[in-house]
Amino acid sequence: MATIDRQTATLALAHALSAAGRGLPVFPLSATKLPALRSPHRGEQPPVRCRGECGLPGHGVHDATTDPATVRALFAAAPRATGYGIACGLAPHQLIGIDLDVDIAYGNDSVGALRQLALQHLFTIPPTVTVLTPSGGRHLWLTGPADTTVPNSAGRLAPGIDIRGNGGYLVGPGSVTAHGRYRLAPGTAHLTPAPCPRALLRLLTPSRRPAGTAMGSAGTPESPGRRGEGLIQFVLAAHEGQRNTRLFWAACRAYEHGFGDALADALTAAAVRTGLTEQEARAAIASAERLTRGRG
């Protein structure tokens, strides 16, 4: 097993260096798809706002770099890394990831939902780099304008469609996770990330609503810009016996996408509506935050 682990780590580094050579900022990931380097701020009183200003590695996506020497140093500090993340929203590509999930829990056709959005808003997805995920989903790589900030979101466009934008990252092809390997879709290895269609870009950069207590149609508090609406609906659909599990899963996804804090109150309200107490809901969300950030 140790030999396999070393080989996997060596291949992960090789793939990461290749991506960095194409101008894609990378950093090491563990088999859980979370950053492989532990935060140097573990044990400090939250919230910790450092994004690498301290000069130490272990800040997740903020460690991402295209410098080969720094990439090697990061992987040397993370000998159990089995993959690599690619930071979105950074120069020169300003990468935008369209994550088409096939999670059974959603029960939705994300590919079909994207096709319906394209028909409704009159855009087509151009041929572009496509990465196949172990679960049967796929990541579409697009590029955005340098002056446009695309936020991360989960299920806002449609259930099962997640967006990886500024502050988010994609699992790079060649990475090995606990569920399998990420690989380039046949016929896309020679492509470069295509420009995001303007109509789609408008959907990805919704106008921000004023801060306040806006409520959804079902009376559920919304997060800023309605990000994570799909996660809230996922929690609301929980039956007895799965309420904690669904809430914990949704909170982990929110923190992985970078808007866990912004969505915490809405997730709590949704969980309370399913029958959990506020204390139980807050505890589950806090556990999700510790899990995702403790590995960052």
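Residues numbered from 1 in each chain as written. Predicted model: local features only at pLDDT ≥ 70, side-chain atom pairs only at ≥ 80, totals over all residues. Heavy atoms only, no water.

**Thoughts on the sheet that holds strand S1 (residues 26–29)**
Note on sheets: strands pair through backbone hydrogen bonds, and any given pair is parallel or antiparallel.
Line of reasoning, step 1. Taken together, three strands build an open sheet; the order of strands is S1-S2-S8 and the sheet is antiparallel. The sheet is open, and its two edges are formed by S1 and strand S8 (169–171), each paired on a single side. Sheet twist, expressed as the average angle between the axes of neighbouring strands with direction ignored, equals 35°.
Line of reasoning, step 2. Alignment of strand S2 (residues 83–87) against S8, held across three bridges, turns out to be antiparallel. (Pairing = 2+ DSSP bridges. Helix = DSSP H or I, 4+ residues; strand = E, 2+ residues; numbered from the N terminus. Axes fitted to C-alpha atoms, helices over the stretch in contact; angles between N-to-C directions.)

**A word on the pattern of salt bridges**
Line of reasoning, step 1. Across all of its chains, the model carries five salt bridges by this definition.
Line of reasoning, step 2. Arg253 serves as the salt-bridge partner of Asp162, at 2.2 Å between the closest nitrogen and oxygen. You can see Asp162 sitting in strand S7 (residues 161–164) and its partner Arg253 sitting in helix H6 (residues 243–256), a full 91 residues away along the chain.
Line of reasoning, step 3. The class of Arg253 is buried, set by a relative accessible area of 11%.
Line of reasoning, step 4. Arg282 is the partner of Asp265 in a salt bridge, and the nearest nitrogen-oxygen pair spans 3.0 Å. One end of the pair, Asp265, is in helix H7 (residues 260–274); the other, Arg282, is in helix H8 (residues 278–294), with 17 residues separating them in the sequence.
Line of reasoning, step 5. Given the relative accessible area of 36%, Arg282 is considered partly exposed.
Line of reasoning, step 6. Members of the salt-bridge network, linked through shared partners, are Asp101, Asp162 and Arg253. (Salt bridge = Lys/Arg side-chain N within 4 Å of Asp/Glu carboxyl O. Buried < 20%, exposed > 50% of the residue type's maximum accessible area, 1.4 Å probe, protein only.)

**Quick look at the packing of helix H5 (residues 229–236) against H6**
Any two packed helices are characterised by how steeply their axes cross, that is the angle between the axes, and by the distance between the axes.
Line of reasoning, step 1. Direction vectors running N to C along H5 and H6 enclose 170°, while the axes themselves pass 9 Å from each other. Classified by the angle between their axes, H5 and H6 sit roughly antiparallel to one another. Here Leu231, Phe234 and Val235 of H5 come into contact with H6, specifically with Arg246, Leu247, Trp249, Ala250, Arg253 and Ala254.
Line of reasoning, step 2. Class assignment for the residues of the contact of H5 with H6 results in seven nonpolar, no polar and two charged. (Parallel < 35°, antiparallel > 145°, perpendicular 65-115°, else oblique. Contact = heavy atoms within 4.5 Å. Nonpolar A, V, L, I, M, F, W, Y, C, P; charged D, E, K, R; others polar.)

**Points about the confidence of the model for the protein chain**
Line of reasoning, step 1. When the pLDDT values of the protein chain are averaged, the result is 85; 88% of them are 70 or greater.
Line of reasoning, step 2. The model gives residues 208–225 a pLDDT under 50, and that stretch makes 22 contacts with residues more than four places away or in other chains. (pLDDT = per-residue confidence, 0-100.)

**A short note on H6**
Line of reasoning, step 1. With 14 residues, H6 extends 20 Å between its outermost C-alpha atoms, agreeing within 8% with the 20 Å of an ideal straight helix rising 1.5 Å per residue.
Line of reasoning, step 2. Taken as a whole, H6 has its buried residues at Arg246, Leu247, Ala250, Ala251, Cys252, Arg253, Ala254 and Tyr255.
Line of reasoning, step 3. Once H6 ends, the next one or two residues include Gly258, with phi positive near 95°. (Expected span 1.5 Å × (residues − 1).)

**Let's talk about helix H2 (residues 68–76)**
Line of reasoning, step 1. Of all the residues in H2, the buried ones are Val71, Leu74 and Phe75. Buried residues along H2 cover an arc of 95° about the axis, so they all sit on one side. Relative to its buried face, H2 has exposed residues pointing more than 90 degrees away, namely Ala69 and Ala76. (Arc of directions from axis to C-beta.)

**Examining the nonpolar core**
Line of reasoning, step 1. Formed by 31 residues in total, the largest nonpolar core has its most connected members in Val26, Val71, Phe75, Tyr84, Ile86, Leu95 and Trp141.
Line of reasoning, step 2. Counting only elements with at least two residues in this core, the list comes to helix H1 (2–21), S1, H2, S2 and S8.
Line of reasoning, step 3. Top contributing element to this core by residue count: H1, with six residues.
Line of reasoning, step 4. Each residue touching Phe75, except ones within four places of it in the same chain, is listed here: Ala12, Leu13, Ala16, Phe27, Pro28, Ala81, Gly83 and Tyr84.
Line of reasoning, step 5. Counting residues in hydrophobic clusters, the runner-up holds 23 residues, among them Ile232, Ala250, Cys252 and Leu267. (Core = buried A, V, L, I, M, F, W, Y, C linked by side-chain atoms within 4.5 Å.)

**Here we look at unusual backbone geometry**
Line of reasoning, step 1. Residue Pro92 is bonded to the preceding Ala91 through a cis peptide linkage, with omega at 5°.
Line of reasoning, step 2. Examined against the element boundaries, Pro92 turns out to sit in the loop between S2 and strand S3 (95–100).
Line of reasoning, step 3. Although it is not a glycine, Gln94 adopts a positive phi angle of roughly 50°.
Line of reasoning, step 4. Along the chain, the position of Gln94 falls in the loop between S2 and S3.
Line of reasoning, step 5. Its relative accessible area of 14% is what places Gln94 among the buried residues.
Line of reasoning, step 6. Here Leu122, not a glycine, exhibits a phi torsion of approximately 60°, which is positive.
Line of reasoning, step 7. Turning to its location among the elements, Leu122 is positioned in the loop between helix H3 (110–121) and strand S4 (130–132).

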